[in-house]
Amino acid sequence: GLGTITIPVYFHIVLPNANDVTNSQLQSQMNVLNSDFNSSNTNQLPSGATNFVNDATTTNINFTLAGTYRYNNSTASWGTNNAVKAAYPPITPETHLNIWVCNIGGGILGYAQFPGGNSNTDGVVLLHSSLPGGSAAPYNLGRTATHEVGHYLNLRHIWGDGRCNQDDFVLDTPSSDGANYGCPSYPTINCKSTDMTMNYMDYTNDSCMYMFTDGQRNRMRAIFTSGGARASM
Ligand code: ARG
Ligand code: ZN
Ligand code: CA
């Protein structure tokens, strides 16, 4: 098998005052990514969620901080059209995860490009205040990065971006009717099955999402195998 996969990360901080996001916040964000991708957190699952206990897994994907670039830029908000990536292009996206940290606007927490896309726009964009210690509560524990890196590694939203019959191409994630928000009680039932509201690829509060499944792990790791979209990493 592939064993441990290690992904080096470049941060591009683009803000009127780029020092507003501190090195200690970036280190905390790295710690959250490493923890979320390497802890199954089964102890946090509600009693009764026995199927989910079996599904929850570590991914054996690690992240290392390879460099931080700060750009003072007076742009008030950047939208989701990749403009921030055009202004500050990714560095060696074939081998590095590029993360832009900026004000996106419109209440958007982040966006990502799926594997196999244009290398000029490859990477993840995060709302600056979503980093640990930021002001975007209840989305300020760093799990927007976990969610967006999930997309970057080929994961779809857990409800498949559609109604009950829409697929996220992962067998062990239950189908759902749409996104869940807040901190749903267990069980939350849609489409005749219990929603995995605590999955990182749902839309719940940062404190209420804490697992990937075996199927998600396999889907992510598959892109690193020979011929896969991120094999060059
Ligand atoms: N809405 C964003 C997306 O679809 C991110 C959602 C992140 N959720 C969170 N609890 N941080 O990519
Ligand atoms: Zn998403
Ligand atoms: Ca599924």
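In the block above lies the structure referred to throughout.
All values derive from a computational prediction rather than experimental measurement.

A. Structural detail: the state of the cysteines. One pass over the full model with this rule turns up 2 disulfides. Linked covalently through their sulfurs, Cys-164 and Cys-191 form a disulfide whose S-S length is 2.0 Å. Between Cys-164 and Cys-191, the disulfide has an S-S torsion of -80° and is therefore left-handed. Placement of the pair is Cys-164 in the loop between α4 (143–152) and β7 (189–190) and Cys-191 in the loop between β7 and β8 (193–194), with a sequence separation of 27 residues. Judged by relative accessible area, which is 28%, Cys-164 ranks as partly exposed. Disulfide partner of Cys-183: Cys-208, at an S-S distance of 1.9 Å. Classification of the bridge connecting Cys-183 and Cys-208 rests on its S-S torsion, roughly -100°, and on that basis the disulfide is left-handed. In this pair, Cys-183 is assigned in the loop between α4 and β7 and Cys-208 in the loop between β8 and β9 (212–213), connecting sequence segments 25 residues apart. On the accessibility criterion, Cys-183 (53% relative accessible area) is exposed. Ordering the disulfide-forming cysteines of the chain by sequence position, one finds them joined as 1-3, 2-4.

B. Structural context of the site of ligand 1. Residues in close proximity to ligand 1 total 13 residues, the closest being Thr-144, Glu-148, Tyr-203, Thr-204 and Asp-206. Within the side chain of Asp-206, one N or O atom sits 2.7 Å away from a nitrogen atom of ligand 1. Computed on the free molecule, ligand 1 has an accessible area of 350 Å², of which 90% lies beneath the protein chains in the complex. More than half of the atoms of ligand 1 fall within 2 Å of the grid points belonging to the largest pocket. Among the elements that take part in the shell around ligand 1, α4 stands out by supplying 5 residues, more than any other. Tallied by class, the residues present in the shell around ligand 1 amount to 4 nonpolar, 6 polar and 3 charged.

C. Quick look at the coordination of the zinc ion (ligand 2). Here the zinc ion (ligand 2) is held by the protein donor atoms His-147 (NE2), His-151 (NE2) and His-157 (NE2), which lie 2.0 to 2.1 Å from it. Each donor residue of the zinc ion (ligand 2) lies on the same chain, and together they follow the pattern H-x3-H-x5-H. In this pair, His-147 and His-151 are both assigned in helix α4, 4 residues apart and thus about one turn of the helix distant.

D. Examining the coordination of the calcium ion (ligand 3) more closely. Distances from the calcium ion (ligand 3) to its protein donors, namely Asp-168 (OD), Val-170 (O), Thr-173 (O) and Thr-173 (OG1), fall within the range 2.3 to 2.6 Å. Motif for the calcium ion (ligand 3), donor spacing along one chain: D-x1-V-x2-T. For Asp-168, a relative accessible area of 3% corresponds to the buried category.

E. Structural view of empty space enclosed by the protein. A complete count under the given rule lists 1 cavity of 30 Å³ or more for this structure. Lining the largest cavity we find Ile-158, Trp-159, Pro-174, Ser-176, Gly-178, Asn-180, Asp-195, Met-196 and Asp-202.

F. Molecular detail of the pattern of salt bridges. Taken as a whole, this structure holds 3 salt bridges when the rule is applied. The shortest N-O distance in the salt bridge between Asp-36 and Arg-143 comes to 2.9 Å. One end of the pair, Asp-36, is in helix α1 (residues 23–36); the other, Arg-143, is in helix α4, with 107 residues separating them in the sequence. Both residues of the pair, Asp-36 and Arg-143, belong to the buried class. Ionic pairing is found between Arg-230 and Asp-122, a salt bridge with its closest N-O pair at 2.8 Å. Of the two residues, Arg-230 sits in the segment after α5 (214–222) while Asp-122 sits in the loop between β5 (110–112) and β6 (124–127), which places them 108 residues apart along the sequence. Judged by relative accessible area, which is 4%, Arg-230 ranks as buried.

Rules behind the numbers
- Numbering of residues starts from 1 in every chain and runs along the sequence as written.
- Think of it this way: whatever chain is written first is A, whatever ligand is written first is 1, and the rest follow in order.
- Local features in this predicted model are restricted to residues whose pLDDT is 70 or higher, and side-chain atom pairs enter the listing and the counts only when it is 80 or higher, whereas totals over whole chains, interfaces and linings include all residues.
- Remark: hydrogens and water are excluded; side-chain values derive from all non-hydrogen atoms of the structure.
- We call a pair of cysteine sulfur atoms a disulfide when they lie within 2.5 Å.
- By definition, any uninterrupted DSSP run of H or I lasting at least four residues is a helix, any uninterrupted run of E lasting at least two residues is a strand, and each is numbered from the N terminus.
- Working definition: with a 1.4 Å probe on protein chains only, accessible area under 20% of the residue-type maximum means buried, over 50% means exposed, and in between means partly exposed.
- We call a residue near a given molecule or strand whenever any one of its heavy atoms falls within 4 Å of it.
- Here a polar contact is recorded for every N or O atom pair within 3.5 Å, except that within protein the pair must consist of a potential hydrogen donor and a potential acceptor, and residues adjacent in sequence are included only if both atoms are side-chain atoms.
- Reported accessibility uses the Shrake-Rupley method at a 1.4 Å probe radius. Residues are deemed covered only where the shown protein chains occlude them.
- Cavity means a closed set of points on a 1 Å grid over the protein atoms alone, one where a 1.4 Å probe fits but cannot get out, pocket means an open set with protein on both sides within 12 Å along at least 5 of 7 lines, and lining means a residue has an atom within 4 Å of a point.
- Molecule-in-pocket calls rest on the fraction of atoms, with more than half required to lie within 2 Å of the cavity or pocket grid points.
- Residue polarity is assigned by list, with Asp, Glu, Lys and Arg as charged and Ala, Val, Leu, Ile, Met, Phe, Trp, Tyr, Cys and Pro as nonpolar; anything else, Gly included, falls into the polar class.
- The donor definition counts N, O and S atoms within 2.8 Å of each metal and applies 3.2 Å to Na, K and Ca; water is not among these atoms, so some sites may look incomplete.
- Grid points are joined across faces, edges and corners, and a volume is the space filled by probe spheres set on the points.
- Salt bridges, as used here, are contacts in which a Lys or Arg side-chain nitrogen is within 4 Å of a carboxyl oxygen on Asp or Glu.

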